[in-house]
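Structure assessment
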Amino acid sequence: MKTLRQAKIGSTVTVIKVHGEGALRRRIMDMGITKGVKIHIRKVAPLGDPIEINLRGYELSLRKADAEMIEVE
């Protein structure tokens, strides 16, 4: 299983599944991160947190903990 956190800078990945439960999973899905969405990894902060991504025509920053819950291919 590869997560969004493990994806390389400059790569484009596809979401397979959003793990987690309850309010946290719902918050991630409300940001537009759902199954089948293509995500482009733009940047990672020097200490690794947060990760800046592009999806659905907008930019988004995610914490490492949130990125760890998103399974990609």
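Residues numbered from 1 in each chain as written. Predicted model: local features only at pLDDT ≥ 70, side-chain atom pairs only at ≥ 80, totals over all residues. Heavy atoms only, no water.

**Quick look at the pairing of strand β5 (residues 58-62)**
How we decide: Two strands make a pair as long as DSSP finds a minimum of two bridges between them. Strands here mean DSSP runs of E at least two residues long; helices mean DSSP runs of H or I at least four residues long; both are numbered from the N terminus.
Pairing geometry for strand β4 (residues 51-55) and β5, over five bridges, is antiparallel. Its bridge partner lying in β5, Ile51 is registered against Leu62. As consecutive antiparallel partners, β4 and β5 are separated by two residues, and within that stretch Arg56 has a phi angle of approximately 50°, a positive value.

**Some details on the pairing of strand β2 (residues 12-18)**
Direction of pairing for β2 relative to strand β3 (residues 38-44): antiparallel, over a ladder of three bridges. When the sheet's bridge partners are listed, Val13 is paired in β3 with Ile39. Two elements, β2 and strand β6 (residues 70-72), share three bridges in a ladder whose sense is antiparallel. Bridge pairing links Val18 to Ile70 in β6.

**As for the nonpolar core**
Let me state the cut-off plainly: By nonpolar core we mean a set of buried residues, namely Ala, Val, Leu, Ile, Met, Phe, Trp, Tyr and Cys, connected to one another through side-chain atoms within 4.5 Å. Partly exposed residues are those whose accessible area sits between 20% and 50% of the maximum for their type, while under 20% is buried and over 50% is exposed, using a 1.4 Å probe and protein chains only. Whether two residues are in contact is decided by their heavy atoms, any of which lying within 4.5 Å being enough.
With 20 residues, the main nonpolar core has Leu4, Ile33, Ile39, Ile53, Leu62 and Ile70 as its most contacted residues. When residues of this core are traced back to their parent elements, those giving at least two are β2, β3, β4, β5 and β6. Here Ile53 is in contact with Leu4, Ile33, Ile39, His40, Ile41, Arg42, Tyr58, Glu59, Leu60 and Leu62, once residues within four sequence places are set aside.

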